[in-house]
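# What the coordinates show
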Amino acid sequence: MKDTQLVEALRDAVGSQWVLDAEVDRTVYAYDASPRHRALPDVVVLPASTGEVQAVVRLAAERGVPVVPRGQATNLSGGTVPAEGGIVLSLNRMNRFLELDRENLTATVEPGVITAELHRRVEAEGLFYPPDPGSVAVSTLGGNVAENAGGLRGLKYGVTGDYVIGLEAVLPDGDRIVTGGKNVKDVAGYDLTQLLVGSEGTLGIVTRITVRLLPLPAHRQVALAVYHDLEQAARSVERIIAGRIIPATLEFLDRGTIEAVEAFAHVGLPTDAEALLLLAQDGPEEQVARDVAAAAAICREEGAVRVEVGRTPEEGDRLMAARRAALSALARMRPTTILEDATVPRSRLVEMLRAIQGAAARHRLTICTFGHAGDGNLHPTCLTDERDEEEAERVEAAFEEIFRAAIELGGTITGEHGVGLSKREYLEWKLGPAGVAVMTAIKDALDPRHLLNPGKIFPRSTPRRLVVRQG
Ligand SMILES: Cc1cc2nc3c(=O)[nH]c(=O)nc-3n(C[C@H](O)[C@H](O)[C@H](O)COP(=O)(O)OP(=O)(O)OC[C@H]3O[C@@H](n4cnc5c(N)ncnc54)[C@H](O)[C@@H]3O)c2cc1C
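Cut-offs applied
- The numbers attached to residues start from 1 for each chain and follow its sequence in the written order.
- Per-residue local features are limited, in this predicted model, to residues with pLDDT of at least 70; the limit for side-chain atom pairs, both in listing and counting, is 80 or more; totals at the level of whole chains, interfaces and linings are taken over all residues.
- As a rule here, side-chain values cover all heavy atoms of the structure and leave hydrogens and water aside.
- UniProt positions are given in the numbering used here, feature names are shortened, and annotations may be inferred rather than shown by experiment.
- Only DSSP runs of H or I reaching four residues or more are called helices, and only runs of E reaching two or more are called strands; each is numbered from the N terminus.
- Paired strands, in this sense, are two strands between which DSSP finds at least two bridges.
- Note on definitions: a residue-residue contact is assigned when non-hydrogen atoms from the two residues lie within 4.5 Å.
- For helices, the fitted line uses only the C-alpha atoms of the stretch in contact; every axis is such a line through C-alpha atoms, and the angle between N-to-C directions lies from 0 to 180 degrees.
- The quantity called pLDDT is the predictor's confidence in a given residue, expressed from 0 to 100.
- We define a salt bridge as a contact between a side-chain nitrogen of Lys or Arg and a carboxyl oxygen of Asp or Glu at a distance within 4 Å.
- Buried, partly exposed and exposed residues are distinguished by accessible area as a fraction of the type maximum, computed with a 1.4 Å probe on protein chains only: under 20%, between the cut-offs, and over 50%, respectively.
- Domain delimitation follows an automatic or database domain assignment.
- Buried area, as used here, totals the accessible surface that two parts lose on assembly, with accessibility defined by a 1.4 Å probe and the loss added over both.
- Whenever two N or O atoms come within 3.5 Å, that pair is a polar contact, provided that in protein one can donate a hydrogen and the other can accept it, and provided that, for residues adjacent in sequence, both atoms are side-chain atoms.
- Three classes are used, and their members are as follows: Ala, Val, Leu, Ile, Met, Phe, Trp, Tyr, Cys and Pro are nonpolar, Asp, Glu, Lys and Arg are charged, and the others, Gly among them, are polar.
- Residues are counted as near a molecule or strand when any one of their heavy atoms sits within 4 Å of it.
- Only the protein chains shown count as cover for residues, with accessible areas throughout obtained via the Shrake-Rupley method and a probe of 1.4 Å.
- Given a helix with a known number of residues, its expected span is that number minus one, times 1.5 Å.
- The arc refers to the directions leading from the helix axis to the C-beta atoms.

Naming follows an unreviewed UniProt entry, where the protein chain appears as FAD-binding protein of Limnochorda pilosa. What UniProt states about the protein chain under its Sequence similarities (unreviewed entry) heading is, verbatim, "Belongs to the FAD-binding oxidoreductase/transferase type 4 family." The heading Cofactor (unreviewed entry) in the UniProt record of the protein chain holds the text "FAD".

A positive phi angle is found at A73, which is not glycine, with a value near 60°. With respect to the helices, strands and loops of the structure, A73 is situated in the loop between β3 (67-70) and β4 (87-90). Despite not being glycine, R244 has its phi angle at roughly 65°, a positive value. Mapped onto the fold, R244 is located in the loop between α8 (230-242) and β13 (249-254).

What follows is about the sheet that holds β4. A sheet is described by the order of its strands in space; here four strands give the open sequence β1-β2-β4-β3, paired in mixed fashion. Where the open sheet ends on each side, the last strands, each with one partner, are β1 (19-20) and β3. Bridging between β1 and strand β2 (residues 43-45) involves two bridges; their strand directions are antiparallel. Bridging across to β2, V19 finds its partner in V45. Packing of helix α3 (residues 50-63) onto the sheet brings it into contact with β2, β3 and β4, and relative to β4 it is tilted by some 170°.

Take the confidence of the model for the protein chain next. Per-chain confidence: the protein chain averages 94 in pLDDT, with 97% of residues scoring 70 or above. Below a pLDDT of 50 lies the segment residues 461-471, which in the model reaches 37 contacts outside its immediate sequence neighbourhood of four places, other chains included.

For side chains bearing opposite charge, pairing can occur when the charged atoms are close. Enumeration according to the criterion identifies 36 salt bridges in this entry. When the shortest N-O distance is used, the salt bridge between E286 and R290 registers 3.8 Å. Of this pair, E286 and R290 are both found in helix α10 (residues 285-301), four residues apart, which corresponds to roughly one turn of the helix. Taking the relative accessible area as the measure of exposure, E286 reaches 63% and is therefore exposed. For E390, the salt bridge goes to R394, with nearest N and O atoms at 2.8 Å.

By domain assignment, the protein chain separates into domain 1 (4-90), domain 2 (97-215), domain 3 (217-325) and domain 4 (334-470). A straight line from the C-alpha centre of domain 1 to that of domain 2 covers 23 Å. Counting from both sides, the interface comprises 14 residues of domain 1 and, opposite them, 17 residues of domain 2. Between domain 1 and domain 2, roughly 1200 Å² of surface is buried when both sides are summed, and carbon and sulfur atoms account for 64% of that area. Across the contact surface, domain 1 and domain 2 share one salt bridge. With its nearest N and O atoms 3.5 Å apart, the salt bridge here joins D175 to R58. At the boundary of domain 1 and domain 2, one finds four residue pairs in polar contact (both at pLDDT 80 or more). Elements supplying a minimum of two residues to the side of domain 1 that touches domain 2: α3 and β3. Ranked by the residues each element gives to the side of domain 1 that touches domain 2, the list is headed by α3, at six residues. Along the lines of polarity and charge, the residues of the side of domain 1 that touches domain 2 split into six nonpolar, seven polar and one charged.

Moving on to the site of the ligand. Of all residues adjacent to the ligand, which total 35 residues, the nearest are P69, G71, T74, S135 and T140. Separating an oxygen atom of the ligand from a side-chain N or O atom of T140 is a distance of 2.6 Å. N453 places a side-chain nitrogen or oxygen 3.2 Å from an oxygen atom of the ligand. For the ligand, the accessible surface in isolation is 980 Å², of which the surrounding protein chains cover 95%. No other element matches the five residues that helix α5 (residues 141-147) contributes to the shell around the ligand. Among the residues making up the shell around the ligand, the classes are represented as 11 nonpolar, 20 polar and four charged.

A few words now on helix α11 (residues 313-324). Counting along an α-helix, one turn takes 3.6 residues, and residues three or four places apart therefore face a common direction. Over its 12 residues, α11 runs 16 Å from end to end, which matches the ideal 16 Å to within 8%, given 1.5 Å per residue. Taken together, the buried positions of α11 are E315, G316, L319, M320, A322 and R323. Across the axial projection of α11, the buried residues extend over an arc of 155°, all falling on one side. Among the exposed residues of α11, those oriented more than 90 degrees off its buried face are P313 and E314.

Here you go:
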């Protein structure tokens, strides 16, 4: 069926060139960074303002057509794949930096602003926006808010939601709401700002974001600890935290990841190591020096064969860039790279690593692990080939074991990548039936027909398939 009327109405609403319905264009929007999910949207719309977003959402609501908000599609959980067809709504044109408020220490941006661009703008003024997902050079603030993205500085500074204090959003019926603002404190009713944070585009389309800023730390130092034993590295993490040292960054790489990153980035990582810890601390010079020295001492006591403290900021930046390249480096090894997001209390890291290694061995798979170890957030990454059905089944079974182990250790199925399509079947393991029922009730209240990003988060979605078919 061809719904040319809807396409025409969308063209009237946002301008003809911002509505893409040719198959070649739609194909580009059928993917995100998660390898296992693909679905063609029926039409792609690129609005330039909140008013245009409202117009598109109203047209979709009138016809019962799904709308899938999209930033840069770097999410790793199938979040922007239009599983039930409909409209993919790209927020990339809404990329204006609206305000830097030097008195209140806030920044207000449109959702399509790239995270690294926000960093650059505020750091030029001696201010600091801490959240920095590994995808910082590409991801958008809208996507960061919708996933409540974490990143390499989460250990000391927390995640995106810890900085979002105000939002404007378009609800599934096209109404606009404004939540929060620039107030440091605001308890006027339910916290709708934080309800939207991490809602994965299922409750509203974020069209404006206000974040709080910090003063830019004066000093920063990076250190690298090299181990011949994986568990010694994990134990070092547990002891650093228990020792009340809270570095800005405490990242872990296992041997497979080290080898892949070194082959990709050539930064001089020791490829004979079984594990590396990459640690960064920022703040006043004296405290940075004290914390790095104390953490280095713990690493040595736990068996690190070498601890190198970065001599220059450039050296530190190079090591951090290498860590950010981990996924890209691993993705070169085999046709399909499946990265997961199991997270446990930091005191259970050693057990979690054992569980990952056990699952890999039992199912005869290559799983490399890296991640934000200081947050207890590991990224077991399976190098596989989705065309091999027998292997794909083993991959599924291994990740099921990994998720179960995370839950048994008091952890969660996702620390920062969201549920999306990838983990919806496991949601109940974490929340229990009552928890899922509460979340479903919230979704039903705001989006009774499940038109906004349908199929995501919840194991049972409305089976409504799409709507606009060309041809
Ligand atoms: C190499 C690499 C490294 C990564 N490292 C990290 C990391 O360290 N930490 C981390 O947390 N994540 C990481 N990610 C995952 C991903 O980058 C983040 O989730 C990021 O926040 C997604 O931003 P995006 O603009 O690409 O959003 P998208 O992928 O386009 O969208 C993500 C979700 O948000 C929704 N959405 C997008 N825009 C809006 C909006 N304006 N309103 C409402 N909903 C919206 C979408 O529907 C989707 O559900 C990484 C990904 C890659 C590829």
